[in-house]
Amino acid sequence: MAINLEKHKQALVDAWKDVLDEKTDTNWALFGYDGLTNDLKHVGSGDGGLTELIDEFNSGKIQYAFLKVDLPNGSISKYVLINWQGEGAPTVRKGTCANHIKHVSQLFNGFHATMHARTEDDLDEKIILDKLAKAGSAFNFKSRTEELPPSGPIGTTYKKVNPGLSGRNCLETCQNILLFAIPVRMQRSLASIVW
């Protein structure tokens, strides 16, 4: 069954944007399903980083988290989308939610890495930092503020060619094409034909 992102969409987007906002201290947001439905809702947020977030994961549920990580050797924050499939979550539920990460990642875009976790051990800080160190730049091409000068028409050197084939010129051209494409034996027999 498909995931429903519309029912609580405003709360989902607000929590995600709160993590992205550099003016707030919020550095994680947790999302889960509303009961046994496929309606995704905001479960909680915090400013205690990965340690606090790990305490909030439920080993019997399928959940998603958006986490801000400040790299130790950089001034840029990077973001991780976590797909949590707790070990105690029912197998049928895991199967139902297996393809939902695609839709969740489209809603919560702007992350540098995706982590799939079943236990707290899968979310080791060193593993996450290594993965983020290998991830691309945090430069956001969509938020470009630089004004580009207006571009003019693109020039070309194309000139229309009018072959002017008429009457005898056309017949000679057609004859040359036929002679090129037809074997020599056939050319002799066609030589007697008057164009």
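Residues numbered from 1 in each chain as written. Predicted model: local features only at pLDDT ≥ 70, side-chain atom pairs only at ≥ 80, totals over all residues. Heavy atoms only, no water.

The name given to the protein chain in an unreviewed UniProt entry is Coactosin-like protein, with the source organism recorded as Danaus chrysippus. What UniProt records for the protein chain under Subunit (unreviewed entry) is the sentence "Interacts with 5-lipoxygenase (ALOX5/5LO) in a calcium-independent manner. Binds to F-actin with a stoichiometry of 1:2." (UniProt positions renumbered as here; feature names shortened; annotations may be inferred.)

*Asks:* Explain the overall build of the protein chain to me, please; I cannot follow it from the model alone.
*Replies:* Assigned secondary structure in the protein chain consists of 7 helices and 5 strands. Written out in order from the N terminus, the α and β elements of the protein chain read α-β-β-α-β-β-α-α-β-α-α-α. Across the 195 residues of the protein chain, 32% fall into the buried class. A fraction of 61% describes how many contacts in the protein chain between residues 6 or more apart in sequence connect residues 24 or more apart. Of the roughly 13400 Å² of accessible surface on the protein chain, 54% is carried by carbon and sulfur atoms. (Helix = DSSP H or I, 4+ residues; strand = E, 2+ residues; numbered from the N terminus. Buried < 20%, exposed > 50% of the residue type's maximum accessible area, 1.4 Å probe, protein only. Contact = heavy atoms within 4.5 Å. Areas by Shrake-Rupley, 256 points an atom, 1.4 Å probe, with all protein chains shown as cover.)

*Asks:* Before we go on, may I ask you to explain the sheet that holds strand β5 (residues 113-117) in this structure?
*Replies:* Consider a sheet: its strands pair through backbone hydrogen bonds, and that pairing is either parallel or antiparallel. Here 5 strands make up an open sheet; going across it, the order is β2-β1-β3-β4-β5 and the pairing mixed. Every other strand in the sheet has two partners, leaving β2 (40-46) and β5 as the edge strands with one partner each. Across this sheet, the average inter-strand angle for adjacent strands is 20°, counted without regard to direction. Pairing between strand β1 (residues 28-33) and β2: 6 bridges, direction antiparallel. Each residue of the ladder has a partner; that of Trp-28, found in β2, is Gly-46. Relative to the sheet, helix α2 (residues 49-56) contacts β1, β2, β3 (62-70) and β4 (77-85), its axis offset from that of β1 by approximately 15°. (Pairing = 2+ DSSP bridges. Axes fitted to C-alpha atoms, helices over the stretch in contact; angles between N-to-C directions.)

*Asks:* What is the right way to read the pattern of salt bridges from this model?
*Replies:* Oppositely charged side chains can pair when the atoms bearing their charge come close. Considering all chains together, one arrives at 4 salt bridges under this definition. Notably, a salt bridge pairs Lys-9 with Glu-6, separated by 3.7 Å at the nearest N-O pair. The shortest N-O distance in the salt bridge between Lys-41 and Asp-34 comes to 3.8 Å. For Asp-34, a relative accessible area of 26% puts it in the partly exposed group. (Salt bridge = Lys/Arg side-chain N within 4 Å of Asp/Glu carboxyl O.)

*Asks:* Honestly, a negative patch on the surface in this entry has me stumped. Any pointers?
*Replies:* There is a patch of like negative charges on the surface, built from Asp-55, Glu-56, Glu-87, Glu-120, Asp-121, Asp-122, Asp-124 and Glu-125. The partly exposed category is assigned to Asp-122, whose relative accessible area is 32%. (Patch = residues over 30% accessible without salt bridge, like charges linked within 9 Å, V, L, I, M, F, W, Y side chains within 5 Å. Lys, Arg positive; Asp, Glu negative; His and termini not counted. Charge placed at Lys NZ, Arg CZ, Asp CG, Glu CD.)

*Asks:* How do you make sense of the packing of aromatic side chains when you look at a structure like this?
*Replies:* Aromatic ring pairs are described here by two measures, namely the spacing of the ring centres and the angle between the planes. The final tally for this structure, using the stated rule, is 6 aromatic pairs. Ring geometry for Tyr-33 versus Tyr-64: centroids 6.0 Å apart, planes at 70°, classification edge-to-face. Note that Tyr-33 is positioned in strand β1 and Tyr-64 in strand β3, a separation of 31 residues in sequence. Of the two residues examined, Tyr-33 and Tyr-64, each falls in the buried class. The rings of Trp-16, Phe-31, Phe-66, Tyr-79 and Phe-108 are connected pair by pair, giving a single aromatic cluster. Sitting over the ring of Tyr-33, Arg-93 keeps its end group 4.5 Å from the ring centre. (Phe/Tyr/Trp six-rings, centres within 6.5 Å; stacked < 30°, edge-to-face > 60°. Lys NZ or Arg CZ within 6 Å of the ring centre and 35° of its normal.)

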